[in-house]
Amino acid sequence: MIDVPYAAHRTVRVGVIGLGNRGSGMTTGWSVVPGCTVTAVCDIRADRARRGADGLAAAGKPRPAEYGGSADSYTEMLRRDDIDLVYIATPWEFHYEQGKAALLAGKHVIVELPIATELDELWDLVDTSERTRRHLMLAENCSYGRNELAMLKMAHEGLFGEVTNGHGGYLHDLRALLFSDTYYTDAWRRRWHTRSTASFYAMHGLAPIAAAMDVNRGDRMATLTATATEPKGLADYRERFVPRNHPSWNETYVNGDLVTCLIETAKGRIIRAEHDVSSPRPYSRINTLAGTRGIFEDYAGVVSAGGGRVYVEPDHSGHAWRDFGSYRKEFDHWLWKKIGDDAANNGGHGGMDYVLQWRTVQLMRAGLVPDIDVYDSAAWCAPVPLSVMSLAAKGRPVQVPDFTRGAWVNLRTGLDSRTTEMPPVA
Amino acid sequence: MRPAGLIGSLGAMAVAGALTLVPASTATATAPRAGAGGASAAPVAAEAPPAAAATQVAISAVDLDGPAISTVKVTVRNAGPERMRTLKVSFAGPVGWAVQPSTVQVEGSLAAGASAEAVFRIQVPERRAGFTVRAFTATATYRGGDGAGTATATRTQRSGTPLANLAAAYNNVGVTDESATGPGDYDGEGNSFSAQKLAAVGLRPGEPVTALGATLRWPNVPSGTRNNVSAAGQAVTLDGTGGKLVLLGSGVTSGASGTVTVHYTDGTSSSGAIGFPNWSFDPANAHGATLVASSDGRNRPSGYGNAGIAYRVFAHSVPLDPGKRVEFVVLPANGNVHVFDMAVAP
């Protein structure tokens, strides 16, 4: 499915599986993208599907069909012939099964992180995408972040020289939410911390670095080495803030607070991907990219300058960081120039969600090649199982599968795309 | 090993970098040619060219309308008397631009007068605003042929228009009044020349400065405003003919040196190395520069200070082709090089 364009769609009709915190917000986002309509919604809890449908109807959108009430309600929804794209925002353990089912039903699929958590599942999604000729992509909103895209374009311009290393991750103090009785249904996300030691969710920081290194577009991730600190953060939080009668007191947390993956690419670059949701700290995805002529660091500069700081030769000297602002302006991605205002008004996460949704719909309506394909998605999610394997081997390097089967050597465009118009809505 | 499966339309595409032998337009074939596009084709026998002829390397035009992946062809012609063997062709673009592949190995050998064509793909970024000069280099290494063993070609492509003059490139505040030192940042640490102390040694806004045979001019702008260029490869229009280009400036931190490229109205260019000593601590003749003026002390963010220490301005030059008219100059890509003016000298 490399370089395979979508068939052009006059209107993109979306079916949503999972209307929890994430899914309900994104459902609204899909409904406001020009040329996109939500035709069906599904949740294991029928009342959520009903609320989702009510919300769209109240906003003046066509009322979508509702599915729910059981774990396999989605299979009934997938039998509809008025769905072009299935958006999946369920707990991680359901992503693989639901994503594969949607592909087999002939739908294109966009899945929240991760698309799967096991290597054989990742391969199966690649195989199934190829067999069905349908695209499946990770809903990696951070790949469309304004700073991330500017960083990518700066890398392609050569401002960092030869890129040698990058650092990304997901550092988000989720402790309060993980112990909330209402935020994650049935505490599904906390339960993952009782199952294994893994880098569950580093993709938000890993994917932009991988894109800037042209992973799967001239380079590829080759080996991965993982380390993990002791699992202390959640137990410490529970000890201090969670009542003794809370069900979490029956749990033992095994996932390390900070899981770090060192990934070496075929061209010898190094990526450091971190995951920590169990420690007190301000939010960061890190977003650091460095090369022979300069470096960019996000989450380190003043907010008015886009939150980043930069040092690139020959523009800079004197060993002092400079504000990122002027670079962000010069290398602003066309998507943000075009729909940045709409994104700010319509989307969560600083507008990244809307840019992801708008661009996905545009690609489908215009019949273009996806920016993010199943190979990217599988590669970015592979550190989940690979970190488990490396940690089990006391940090020994493990091979990262080449999901492209050798095609990674070919240069091709991706997120650094050409300006394109959204087809007019009839 | 997991068995391979379908991978899409490009899965079966040949990897770029394929090489074909092409007939040389000046060669006279005396043997059957290889099949079209045959990378391992039998060499084409040809009439031997003059013994002194050198291997010719040519780079096709690069489509710079990015972001895109552009295809580039490099043609190597064996203009030497001997058969060319073990030919390798490498190609590179501006730093950071990915190339696939970086080297192509030519199978077989090339008869005298025959050519080989190597195909590369290069990642081209979005076109930048303003003037850019993009340089591409192809190198052939071989045995036989003209006996030189290596041949290189460079292709430069321009887009946009050079800045109208050096003032249009001013990006740094290098001189402040002793009563208002705040705007200064000559060295990246908030320090700057003192306008009063420079005037005391003859450097006043708009007044001429003679150095290395050139008549330059001290920037005619008020103190505390941008008055010099921290070099970053800017292209600046300059009209004139002469024997050398003189630059007036000094360095910050260390290693304030780089290449100045002069482009002429006939489309050709020449280049030369320049360097300036640090404005304070290097020997005055470092990098081969010539001291022009030495002022006492400097302005710091807190006010004038460092009295007794010299802060200096230098001149350096690069040779010009005296038979050609200068059209524009590309400054070094080194921010440590600061330039106040430049002029053509006889």
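The rules behind each value
- Residues numbered from 1 in each chain as written.
- Chains lettered and ligands numbered in written order.
- Predicted model: local features only at pLDDT ≥ 70, side-chain atom pairs only at ≥ 80, totals over all residues.
- Heavy atoms only, no water.
- Helix = DSSP H or I, 4+ residues; strand = E, 2+ residues; numbered from the N terminus.
- Buried < 20%, exposed > 50% of the residue type's maximum accessible area, 1.4 Å probe, protein only.
- Contact = heavy atoms within 4.5 Å.
- Areas by Shrake-Rupley, 256 points an atom, 1.4 Å probe, with all protein chains shown as cover.
- Rg over C-alpha atoms; globule rule 2.2 N^0.38 Å.
- Lys, Arg positive; Asp, Glu negative; His and termini not counted.
- Charge placed at Lys NZ, Arg CZ, Asp CG, Glu CD.
- Buried area = accessible area lost by both parts, 1.4 Å probe.
- Salt bridge = Lys/Arg side-chain N within 4 Å of Asp/Glu carboxyl O.
- Pairing = 2+ DSSP bridges.
- Axes fitted to C-alpha atoms, helices over the stretch in contact; angles between N-to-C directions.
- Parallel < 35°, antiparallel > 145°, perpendicular 65-115°, else oblique.
- Left-handed = near helix turned anticlockwise from the far one by under 90°.
- Nonpolar A, V, L, I, M, F, W, Y, C, P; charged D, E, K, R; others polar.
- Phe/Tyr/Trp six-rings, centres within 6.5 Å; stacked < 30°, edge-to-face > 60°.
- Lys NZ or Arg CZ within 6 Å of the ring centre and 35° of its normal.
- UniProt positions renumbered as here; feature names shortened; annotations may be inferred.
- pLDDT = per-residue confidence, 0-100.
- Arc of directions from axis to C-beta.
- Right-handed = clockwise from strand over helix to strand, strands pointing away.

Student: I'd like a description of the overall build of chain B, backed by residues and values.
Tutor: Regarding its fold elements, chain B presents 1 helix and 23 strands. Burial analysis of chain B (346 residues in total) assigns 47% to the buried set. Contacts spanning at least 24 positions in sequence make up 70% of the contacts within chain B whose residues lie at least 6 apart. Carbon and sulfur atoms make up 52% of the accessible area of chain B, which totals about 14500 Å².

Student: Just give me the short version of the overall build of chain A, but keep the residues and values in it.
Tutor: What chain A contains, in helices and strands, is 15 helices and 15 strands. Rg of the C-alpha trace for chain A: 21 Å, near the compact-globule value of 22 Å for 426 residues, within the 12% margin. Counting only C-alpha atoms, chain A reaches 60 × 60 × 45 Å along its principal axes. Per-residue burial for chain A yields a buried fraction of 62% across its 426 residues. A fraction of 74% describes how many contacts in chain A between residues 6 or more apart in sequence connect residues 24 or more apart. Carbon and sulfur atoms make up 50% of the accessible area of chain A, which totals about 15500 Å². Of the side-chain charges in chain A, 48 are positive and 52 negative, and the distance between the mean point of each set is 2 Å.

Student: Residue-level account of the interface of chain A and chain B, with values.
Tutor: Listed per partner, the contact involves 40 residues of chain A and 39 residues of chain B. Taken over both partners, the interface formed by chain A and chain B buries close to 3100 Å², and the fraction arising from carbon and sulfur atoms is 49%. Linking chain A with chain B are 5 salt bridges, by the criterion used here. Here glutamate 157 of chain A ties to arginine 134 of chain B by a salt bridge, and the two come within 2.7 Å at their closest N and O atoms. Looking at the side of chain A that touches chain B, the elements with two or more residues in it are helix 5 (119-132) and helix 6 (146-157) of chain A.

Student: Any chance you could break down the sheet that holds strand 22 (residues 326-330) of chain B for me, citing the residues and the numbers?
Tutor: Residue and element names in this part refer to chain B. Across the sheet, which stays open at both edges, the 4 strands sit in the order 16-22-18-19 with antiparallel pairing between neighbours. The outermost strands of the open sheet, each flanked by one partner alone, are strand 16 (235-240) and strand 19 (269-275). Strand-to-strand twist in this sheet, taken as the mean axis angle between neighbours without regard to direction, amounts to 25 degrees. Note that strand 16 and strand 22 share 4 bridges and pair antiparallel.

Student: Describe in detail unusual backbone geometry, supporting the description with residues and values.
Tutor: Of the consecutive residues glycine 66 of chain B and proline 67 of chain B, the connecting peptide bond is found in the cis state with omega at 0 degrees. Checked against the element boundaries, proline 67 of chain B lands in the loop between strand 2 (56-59) and strand 3 (68-77). With an omega of -15 degrees, the peptide bond running from glutamine 100 of chain B to proline 101 of chain B counts as cis. Residue position: proline 101 of chain B is located in the loop between strand 5 (99-100) and strand 6 (103-105). At aspartate 186 of chain A, a residue that is not glycine, the phi angle is positive and equals roughly 55 degrees. Note on aspartate 186 of chain A: relative accessible area 53%, which makes it exposed.

Student: Any details on helix 15 (residues 383-392) of chain A? Residues and values, ideally.
Tutor: Along an α-helix, a turn takes 3.6 residues, which lines up residues three or four apart on a common side. Residues and elements named next belong to chain A. Of the positions making up helix 15, those classed as buried are Pro383, Val384, Pro385, Leu386, Ser387 and Ser390. Among the structural elements, helix 5, helix 9 (203-212), strand 8 (221-228), strand 9 (259-265), helix 14 (374-381) and strand 15 (398-399) are those in contact with the buried residues of helix 15. In the segment just after helix 15, lysine 394 is the residue with positive phi, at about 55 degrees.

Student: Hey, could you go over the packing of helix 12 (residues 334-346) of chain A against helix 13 (residues 352-366) of chain A for me, with residue numbers and the actual values?
Tutor: Residues and elements named next belong to chain A. Look at helix 12 against helix 13: their axes get within 8 Å of each other, and the N-to-C directions meet at 120 degrees. By the criterion of interaxial angle, the relationship of helix 12 to helix 13 is oblique. Classified by chirality, the crossing of helix 13 by helix 12 is right-handed. Seen from helix 12, the contacting residues are Trp334, Leu335, Trp336, Lys338, Ile339, Asp342, Ala343 and Asn346; seen from helix 13, they are Met352, Tyr354, Val355, Trp358, Arg359 and Gln362. Of the residues belonging to the contact of helix 12 with helix 13, the class tally is 9 nonpolar, 2 polar and 3 charged.

Student: Pulling in residues and values, what's your account of the packing of aromatic side chains?
Tutor: With the rule as written, the count across this model stands at 28 aromatic pairs over all chains. When the centroid spacing of 6.2 Å and the interplanar angle of 0 degrees are considered together, the rings of phenylalanine 91 of chain B and phenylalanine 136 of chain B count as stacked. With phenylalanine 91 of chain B in strand 4 (residues 84-92) and phenylalanine 136 of chain B in strand 9 (residues 132-144), this residue pair connects regions lying 45 residues apart in the sequence. The residues phenylalanine 91 of chain B and phenylalanine 136 of chain B share a single accessibility class, namely buried. Taken together through their ring pairs, the aromatic side chains of Trp92, Tyr170, Tyr183, Tyr184, Trp188, Trp192, Phe200, Tyr201, Tyr283 and Tyr299 of chain A make up a single cluster. Lying over the aromatic face of tryptophan 249 of chain A, arginine 238 of chain A brings its terminal NZ or CZ to 4.5 Å of the ring centre. Over the face of the ring belonging to tryptophan 249 of chain A we find arginine 244 of chain A, whose NZ or CZ atom lies 4.0 Å from the ring centre.

Student: Quick one: what's the story with the UniProt feature "domain: Alpha-galactosidase NEW3" (unreviewed entry) in chain B, residue by residue and with numbers?
Tutor: Within this numbering scheme, the UniProt entry marks residues 70-142 of chain B as carrying the feature "domain: Alpha-galactosidase NEW3" (unreviewed entry). Counted over residues 70-142 of chain B, helix gives 0% and strand 62%. Its end C-alpha atoms are 26 Å apart.

Student: Pulling in residues and values, what's your account of the packing of helix 1 (residues 21-32) of chain A against helix 13 of chain A?
Tutor: All names here are of chain A. Their axes nearest at 9 Å, the elements helix 1 and helix 13 cross at an angle of 50 degrees. Between helix 1 and helix 13, the angle falls in the class oblique. Crossing of helix 1 against helix 13: the hand is right-handed. Between helix 1, through Arg22, Met26, Gly29, Trp30 and Val32, and helix 13, the contact on the second element is made entirely by Asp353, Tyr354, Leu356, Gln357, Thr360 and Val361. Its residues assigned to classes, the contact of helix 1 with helix 13 shows 6 nonpolar, 3 polar and 2 charged.

Student: Account for the confidence of the model for chain B, naming residues and giving values.
Tutor: All names here are of chain B. Across chain B, the average pLDDT comes to 86, with 85% of residues at 70 or higher. pLDDT under 50 marks residues 1-51. Its contacts with residues more than four places away, or in other chains, come to 99 contacts. This complex was scored by the predictor with a pTM of 0.83 and an ipTM of 0.93.

Student: I'd like a rundown of the pairing of strand 10 (residues 150-159) of chain B, residues and numbers included.
Tutor: Residues and elements named next belong to chain B. Here strand 9 runs beside strand 10; their pairing, made up of 10 bridges, is antiparallel. The partner of threonine 141 across the bridge, within strand 10, is threonine 150. Two successive antiparallel strands, strand 9 and strand 10, enclose a turn made up of 5 residues, where glycine 145 displays a positive phi of approximately 60 degrees.

Student: Got a sec to walk through helix 4 (residues 95-104) of chain A? Specific residues and values, please.
Tutor: Residues and elements named next belong to chain A. Those residues of helix 4 that fall on the buried side of the exposure criterion are His95, Gln98, Gly99, Ala102 and Leu103. Buried positions in helix 4, seen along its axis, are confined to an arc of 140 degrees and lie on one side of it. Tucked into the core, helix 4 has its buried residues touching strand 1 (12-17), helix 3 (73-77), strand 4 (85-88), strand 5 (108-111), helix 5 and strand 6 (136-138). Positive backbone phi, at 85 degrees, marks glycine 106, one or two positions downstream of helix 4.

Student: Would you mind going over the pairing of strand 5 of chain A in detail, with residue names and values included?
Tutor: All names here are of chain A. Covered by surrounding structure in strand 5 are His108 and Ile110 together with Val109 and Val111, the residues of both alternating faces. Alignment of strand 4 against strand 5, held across 4 bridges, turns out to be parallel. If you follow valine 86 over to strand 5, its bridge partner there is valine 109. Note on the crossover from strand 4 through helix 4 to strand 5: the handedness is right-handed. One ladder, built from 3 bridges, connects strand 5 with strand 6; its direction is parallel. Among the inter-strand pairings, valine 111 is bridged to a residue of strand 6, identified as leucine 138. With helix 5 bridging strand 5 and the parallel strand 6, this β-α-β connection has right-handed handedness.

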